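Observations on chain architecture
Here's the letter readout for the chains.
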Amino acid sequence: MSRNQDSTVSRRKEILHILSDKGEVFVEDLVERFKVSGVTVRNDLDQLEQKNLLIRARGGAIKMETGVAIDQRVVDKNRINFQEKSRIGRKASQLVVESDTIIIDSGSTTAEMVRNLPELQDLTVITNAMNIANQLITRPNINVIIPGGYLRKNSLSLVGPQAEKSLRNFNVDKAFLGVDGFDTKHGIYTPNVEEARLNEIMIEISKEVILLADSSKFTRRSFAFICSIDQINKVITDNGIKPDDKKRLEDAGVQVIIV
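Analysis parameters
Residues numbered from 1 in each chain as written. Predicted model: local features only at pLDDT ≥ 70, side-chain atom pairs only at ≥ 80, totals over all residues. Heavy atoms only, no water. Salt bridge = Lys/Arg side-chain N within 4 Å of Asp/Glu carboxyl O. Helix = DSSP H or I, 4+ residues; strand = E, 2+ residues; numbered from the N terminus. Buried < 20%, exposed > 50% of the residue type's maximum accessible area, 1.4 Å probe, protein only. Contact = heavy atoms within 4.5 Å. Core = buried A, V, L, I, M, F, W, Y, C linked by side-chain atoms within 4.5 Å. Pairing = 2+ DSSP bridges. Axes fitted to C-alpha atoms, helices over the stretch in contact; angles between N-to-C directions. Parallel < 35°, antiparallel > 145°, perpendicular 65-115°, else oblique. Left-handed = near helix turned anticlockwise from the far one by under 90°. Nonpolar A, V, L, I, M, F, W, Y, C, P; charged D, E, K, R; others polar. 1 Å grid on protein atoms, 1.4 Å probe; cavity = no way out; pocket = protein on both sides within 12 Å on 5 of 7 lines; lining within 4 Å. Points joined across faces, edges and corners; volume = space filled by probe spheres on them.

Per an unreviewed UniProt entry, the protein chain goes by the name DeoR/GlpR family DNA-binding transcription regulator and belongs to Dawidia cretensis.

1. Focus: the pattern of salt bridges
Here the idea is simple: oppositely charged side chains can pair when their charged atoms come close. Counted under the stated rule, the structure contains 16 salt bridges. Note that R152 is salt-bridged to E195, the shortest N-O span being 3.1 Å. With R152 in strand β7 (residues 150-152) and E195 in helix α9 (residues 193-204), this residue pair connects regions lying 43 residues apart in the sequence. Residue classification places E195 among the buried residues on the basis of a relative accessible area of 4%.

2. Some details on the environment of E164
Looking at the element boundaries, E164 is found in helix α8 (residues 161-167). What makes E164 buried here is its relative accessible area of 19%. Linking E164 and T8, residues 156 residues apart in sequence, is a C-alpha distance of 52 Å. In this view, E164 contacts R197, L198 and I201; residues no more than four positions away in its chain are not counted.

3. A look at the nonpolar core
In this structure, F182 and L249 are the most contacted members of the largest nonpolar core, which totals 31 residues. Elements represented by at least two residues in this core include exactly α8, β9 (172-177), α9, β12 (206-212) and β13 (224-227). The leading source of residues in this core is α9, at five residues. Excluding residues within four positions of it along the chain, F182 makes contact with G187, I188, L211, A213, K217, F218, R220, I229, I232, V235 and L249. Listed in part, the 21 residues of the second largest apolar core include L95, V96, L117 and I210.

4. Description of the sheet that holds β12
Read from one edge to the other, the open sheet built from seven strands follows the order β6-β5-β4-β9-β12-β14-β15, with strand pairing classed as parallel. Single-partner strands in this sheet number two, and they are β6 (142-145) and β15 (255-258). Neighbour-to-neighbour, the strand axes of the sheet open up by a mean angle of 20 degrees, direction not taken into account. Relative to strand β14 (residues 234-237), β12 runs parallel, the two being bridged by three bridges.

5. A few points about the packing of helix α5 (residues 82-93) against helix α6 (residues 108-115)
Close contact between α5 and α6 brings their axes to 7 Å; oriented N to C, the two are set at 50 degrees. Put simply, α5 runs oblique to α6. Here α5 and α6 pass one another in a crossing that is right-handed. Contacts from F82, K85, S86, I88, G89, A92 and S93 in α5 reach S108, T109, E112 and M113 in α6. Its residues placed into classes, the contact of α5 with α6 shows four nonpolar, five polar and two charged.

6. Some details on the layout of surface pockets
Considered as a void within the structure, the largest pocket measures approximately 560 Å³ in volume. Lining the largest pocket are 25 residues; nearest its centre among them are N52, S215, S216, T219 and G240. Secondary structure elements with two or more residues in the lining of the largest pocket: α3 (38-50), β2 (54-57), β10 (181-183) and α10 (243-251). Of the residues contributing to the lining of the largest pocket, the split by class is six nonpolar, nine polar and 10 charged.

Listed below in structure tokens is the structure:
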């Protein structure tokens, strides 16, 4: 092994040690620490991500949890795979048409969808996510319905029996759901049991279920099961989805939209 190769391996090992200890790293800190260029550091992070050893985020990377999605705060999720989430959100917004009644789940990708909703004259949005409801305050032509419940601060969403009872009063054209874990052999997952229960009801009351999931979500499950893939109509994802996962979804009758 050449000296340059040895230096690269040592640097990447050290990056993983820092991640293990702190949970996140930033490009500018690594540039200063290793006295290398930003291009070199970003290449290190890209290579480590390809080996599923970390998750790239804006300005750096975060620790890869082995196979299980953790219950992260929305503000932390916003940094992960931002470009992919932005494209997925824009595409999802294009599926909303005049006079729709839609339900939008909490999440960083669904928040990107809301930022791109078209200017319609008649649209009703049901959401249990406070950050999404806040985005809609300035949209006069969008009727916003917020179910009751208590606030989960990690996800900024309302959950619990009151929220569940409220949702059962509605019939919805389309449900747009984010996801924390997606195993195409089994189904979709979220870290929180109450979120999972609310998602189940959202699916039950909707004519069409549209899942927003960047390709990193296909590498892991999470604690609470939501539903199997036969209850999903469409999946919007990026081109990082593995061919086996795409085929498995399509064989189950799910339309896969790649952005």
